[in-house]
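Spelled out from the first residue to the last, the chains are:
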Amino acid sequence: MPPTPRPRKAHRAATLVDVGREAGVSAMAASAVLNGAKTSTRISDETRARVLEAAERLRYRPNAAARGLIDRRIKTIGVVATLSGDEPNQYFLEVFNGIIHGAAEAGQTTTVFTLHSWDEARERVPAFCDGRVDGLVLLAPLLQADAADWLPEHTPVVAVHANQGIAGVVNLESDEEAGAFAMVSHMIGMGHRRILHVGGPLGALGADRRVSGYCRAHTAAGLDPLPAHILRAGFSAADGRQALEDWLRQHPGQPLPQAVFAASDAVALGCIDTLLARGLRVPADVSVVGFDDTVLARVARLATVRQPLRELGRQAVQVLVARIEARGQDIAPRDAANIVLATELVLGATLAAPRADAIAIA
């Protein structure tokens, strides 16, 4: 007959001491049973059964931090990203969706660490690697090459869309230049010549690659981009809205662009807001194309360049877990290298052939 359960304060989780007391054994014996010592000859089958029954009655759950000290694994990965402003970051949400699915497949939990700016990374990122996580995914990090000097050596790190290569860090990205080239080439093939590119920030590698693809598509078609038809702004809808409005105000009386190629879906949606507010129709008067293929783009049926954002997140977890396991077995990980996934065109409802006559900017 099992012993009568002893009262335990309800405000705390059961410990090995509680389980041992409940089963009439030492905490060390309870630990031997509950922490995986299944073949120990010092623990009888009857004692093992008592400990397991006691743990079940007390709803005991192993302490992850304590087990991590034994296994050298906490089975938690961290995600580091910058979140600024009130506007939801659709890019982050898409990649993070892939990360949490990949983590679930790998039996990992996920912790998110946010920064106001990547300028804080040198000080804050090493502090995240204090035993709370086994490895980190850096999401679109804007870091200098010397980041390898301060990133903790004991914590594997991978990046998604890093701004530049970092020694020892695997980077996963999409072929953004090829995606921009393919979309702008398609727009030129439809007859568009006045294509305004509302690009991302100067110095952001992904934004620079979109500009490069835009220019290469014109060159391949034997064309020169029109003067002042490449803008550099941010990646948000507010950035796109303001950048296009400012440009239109600076060019009164000139022909309206036949199409806008935006650096992100958010920028494209902001541009659509500006055009609609001026009484213009999309795509009848101006076509608008984005970049990313986020959930808002899918809802709006936006023409865009699809980046495999969820797949990038999922594969980032796979690579990170492999490097964590290699470290746990004292095996040198494979050399860090870029993993590049292809983009594809989404020819949505906001892209059409240009109208026959030009509209002057009011």
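Residues numbered from 1 in each chain as written. Predicted model: local features only at pLDDT ≥ 70, side-chain atom pairs only at ≥ 80, totals over all residues. Heavy atoms only, no water.

A.B. asks: Explain empty space enclosed by the protein to me, please; I cannot follow it from the model alone.
C.D. replies: Sizing a probe to match a water molecule and rolling it over the atoms shows the empty space that remains. Counted according to the given criterion, the structure contains 1 cavity of 30 Å³ or more. One number sums up the size of the largest cavity: a volume of about 40 Å³. Looking at the largest cavity, the residues that line it are Arg194, Leu256, Pro257, Gln258, Asp285, Pro354, Arg355, Asp357, Ala358 and Ile359. Classifying every residue of the lining of the largest cavity gives 5 nonpolar, 1 polar and 4 charged. (1 Å grid on protein atoms, 1.4 Å probe; cavity = no way out; pocket = protein on both sides within 12 Å on 5 of 7 lines; lining within 4 Å. Points joined across faces, edges and corners; volume = space filled by probe spheres on them. Nonpolar A, V, L, I, M, F, W, Y, C, P; charged D, E, K, R; others polar.)

A.B. asks: Hey, could you run me through the nonpolar core in this one?
C.D. replies: Soluble globular proteins tend to bury their nonpolar side chains together. Counting residues in hydrophobic clusters, the biggest one holds 24 residues, and the most contacted among them are Ile77, Val95, Ile99, Val137, Leu139, Val158 and Val160. Those elements that provide at least two residues to this core are β1 (76-82), α5 (90-105), β3 (135-139), β4 (157-160), β5 (170-174) and α13 (309-328). With 8 residues, the top contributor of residues to this core is α13. The residues contacting valine 95, other than those within four sequence positions of it, are Leu139, Val160, Leu309 and Gly313. (Core = buried A, V, L, I, M, F, W, Y, C linked by side-chain atoms within 4.5 Å. Buried < 20%, exposed > 50% of the residue type's maximum accessible area, 1.4 Å probe, protein only. Helix = DSSP H or I, 4+ residues; strand = E, 2+ residues; numbered from the N terminus. Contact = heavy atoms within 4.5 Å.)

A.B. asks: Teacher, can you tell me more about the sheet that holds strand β8 (residues 259-262) here?
C.D. replies: By way of backbone hydrogen bonds, the strands of a sheet pair with one another, either parallel or antiparallel. On the basis of which strands lie adjacent, the open sheet formed by 6 strands has the order β7-β6-β8-β9-β10-β12 and mixed pairing. A strand with exactly one partner marks an edge of an open sheet, and here the two such strands are β7 (230-232) and β12 (344-346). Strand after strand, the sheet turns through a mean of 20 degrees between neighbouring axes, direction not considered. Relative to β7, strand β6 (residues 195-199) is paired through 3 bridges, and the arrangement is parallel. Its bridge partner lying in β7, valine 198 is registered against leucine 231. (Pairing = 2+ DSSP bridges. Axes fitted to C-alpha atoms, helices over the stretch in contact; angles between N-to-C directions.)

A.B. asks: For this particular structure, what's the right way to read the pattern of salt bridges?
C.D. replies: Two side chains of opposite charge can pair, provided their charged atoms sit close to one another. Counting across every chain of the model gives 25 salt bridges. Salt-bridge contacts for glutamate 177 lead to arginine 216; the nearest nitrogen and oxygen are separated by 2.7 Å. A residue pair is termed long-range when its members are at least 10 positions apart, and glutamate 177 in helix α8 (residues 176-189) and arginine 216 in helix α9 (residues 205-220) qualify at 39 residues. The buried category is assigned to glutamate 177, whose relative accessible area is 18%. Where aspartate 285 meets arginine 281, a salt bridge forms, and the shortest distance between an N and an O atom there is 3.0 Å. Beyond isolated ion pairs, a larger network of salt bridges with shared partners links Glu94, Asp293, Arg298, Arg306, Arg310 and Glu344. (Salt bridge = Lys/Arg side-chain N within 4 Å of Asp/Glu carboxyl O.)

A.B. asks: Sorry, what's going on with α9 here?
C.D. replies: Since one α-helical turn is 3.6 residues long, residues separated by three or four positions face the same way. Helix length check: α9, at 16 residues, gives a terminal C-alpha distance of 22 Å against a target of 22 Å (1.5 Å per residue), a fit within 8%. Where α9 is concerned, the buried positions are Gly206, Ala207, Arg210, Val211, Gly213, Tyr214, Ala217 and His218. Across the axial projection of α9, the buried residues extend over an arc of 160 degrees, all falling on one side. Those residues of α9 that are exposed and angled more than 90 degrees off the buried face are Thr219 and Ala220. (Expected span 1.5 Å × (residues − 1). Arc of directions from axis to C-beta.)

A.B. asks: When you look at unusual backbone geometry in this model, what are you seeing that I'm missing?
C.D. replies: The phi angle of most residues is negative, glycine excepted, and most peptide bonds adopt the trans form. In the segment running from valine 282 into proline 283, the intervening peptide bond is cis, with an omega of 10 degrees. Within the secondary structure layout, proline 283 lies in the loop between α11 (265-277) and β9 (287-292). In the Ramachandran plot, alanine 228 falls in the positive-phi region, its phi being about 60 degrees despite a non-glycine side chain. In this structure, alanine 228 sits in the loop between α9 and β7. Unusually for a residue other than glycine, aspartate 293 sits at a positive phi of about 70 degrees. Positionally, aspartate 293 belongs in the loop between β9 and α12 (295-300).

A.B. asks: Help me understand α5 in this model?
C.D. replies: In a regular helix each residue adds 1.5 Å, so 16 residues correspond to 22 Å; α5 covers 23 Å between its end C-alpha atoms and thus fits that length. If you check which residues of α5 are buried, you get Gln90, Tyr91, Phe92, Glu94, Val95, Phe96, Gly98, Ile99, Gly102 and Ala103. Measuring from the side-chain oxygen of the N-cap residue of α5 to the backbone nitrogen of tyrosine 91 gives 3.1 Å; that N-cap residue is asparagine 89. Of the residues one or two after α5, glycine 107 is the one with positive phi, at around 70 degrees. (Polar contact = N/O pair within 3.5 Å; in protein donor to acceptor, adjacent residues only side chain to side chain.)

A.B. asks: Just to check I follow, could you spell out the layout of surface pockets for this structure?
C.D. replies: Quantified by volume, the largest pocket comes out at close to 1,000 Å³. The wall of the largest pocket is formed by 40 residues, among which Thr82, Asn89, Tyr91, Ala140 and Phe235 lie closest to the centre. Take the lining of the largest pocket: its biggest share by element is 5 residues, from α9. By residue class, the composition of the lining of the largest pocket is 16 nonpolar, 15 polar and 9 charged.

A.B. asks: Can you walk me through the packing of helix α1 (residues 16-23) against helix α3 (residues 45-58) in this structure?
C.D. replies: Pairs of packed helices are described in terms of their axes, by the angle between the two and the distance that separates them. At their nearest, the axes of α1 and α3 sit 8 Å apart, and the two run at 120 degrees to each other. It follows from the interaxial angle that α1 and α3 lie oblique. Both α1 and α3 take part in a crossing whose hand is right-handed. Residue-level contacts link Asp18, Val19, Glu22 and Ala23 of α1 to Arg50, Val51, Ala54, Ala55, Arg57 and Leu58 of α3. The class makeup of the residues in the contact of α1 with α3 is 6 nonpolar, no polar and 4 charged. (Parallel < 35°, antiparallel > 145°, perpendicular 65-115°, else oblique. Left-handed = near helix turned anticlockwise from the far one by under 90°.)

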